[in-house]
Amino acid sequence: MSELHATTPAAPFQAAKPFSGQAITAFILSLLWLGGIGSIVGLFLSISAMRETRDGRRAGQGLAVAALILSVLGLLSLGLMIVFIASAGNDLSNQFNDVNSQLGH
């Protein structure tokens with residue numbers, strides 16, 4: 001006895017979605033940081049890339065989200081560095097004032 005097996009037709013070939021260039025650029029810039037400039041530009045590009053990839057015509061939604069997270073972390077670290085440097089500068093200024101007052105100037 002031979003059994004006939006039902007076969008399903010093969011799915012038609014679908015070309016890969018084009019990847020969002022904005023998502024790639026945002027990720028690279030936010031990863032490089034560039035003294036905070038990369039994080040600022042990466043933040044705006046990642047938001048734009050998330051909008052671009054939302055409808056599904058372009059790939060890269062995950063990369064845009066990763067760029068957004070890295071950009072926010074980069075901006076937070078920039079803020080902490082500014083606070084640290086300002087605090088260190090204030091302490092240094094106070095020490096110079098103490099030395100000047102002890103020397104009688």
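Preceding this section is the structure that the text describes.
Definitions and cut-offs
- Residues numbered from 1 in each chain as written.
- Predicted model: local features only at pLDDT ≥ 70, side-chain atom pairs only at ≥ 80, totals over all residues.
- Heavy atoms only, no water.
- Helix = DSSP H or I, 4+ residues; strand = E, 2+ residues; numbered from the N terminus.
- Buried < 20%, exposed > 50% of the residue type's maximum accessible area, 1.4 Å probe, protein only.
- Salt bridge = Lys/Arg side-chain N within 4 Å of Asp/Glu carboxyl O.
- Expected span 1.5 Å × (residues − 1).
- Contact = heavy atoms within 4.5 Å.

**Brief notes about the environment of Val65**
Link 1 in the chain: Positionally, Val65 belongs in helix α3 (residues 61-103).
Link 2 in the chain: Using a relative accessible area of 32% as the deciding quantity, one classes Val65 as partly exposed.

**Observations concerning the pattern of salt bridges**
Link 1 in the chain: Per the counting criterion, the structure on display carries two salt bridges.
Link 2 in the chain: One salt bridge connects Arg58 with Glu52, and the closest N-O pair in it is separated by 3.3 Å.
Link 3 in the chain: Judged by relative accessible area, Arg58 falls into the partly exposed class, the value being 34%.
Link 4 in the chain: Between Asp55 and Arg57 there is a salt bridge, with the nearest N and O atoms lying 2.5 Å from each other.
Link 5 in the chain: Judged by relative accessible area, which is 44%, Asp55 ranks as partly exposed.

**Digging into α3**
Link 1 in the chain: Here α3 spans 63 Å end to end across 43 residues, near enough to the 63 Å set by a 1.5 Å rise per residue.
Link 2 in the chain: Inspection of α3 places Ala64, Ala67, Ser71 and Gly74 among the buried residues, and these make up the whole buried set.
Link 3 in the chain: For α3, the secondary structure elements touched by its buried residues are α1 (21-32) and α2 (37-54).
Link 4 in the chain: Of the residues one or two after α3, Gly104 is the one with positive phi, at around 80°.

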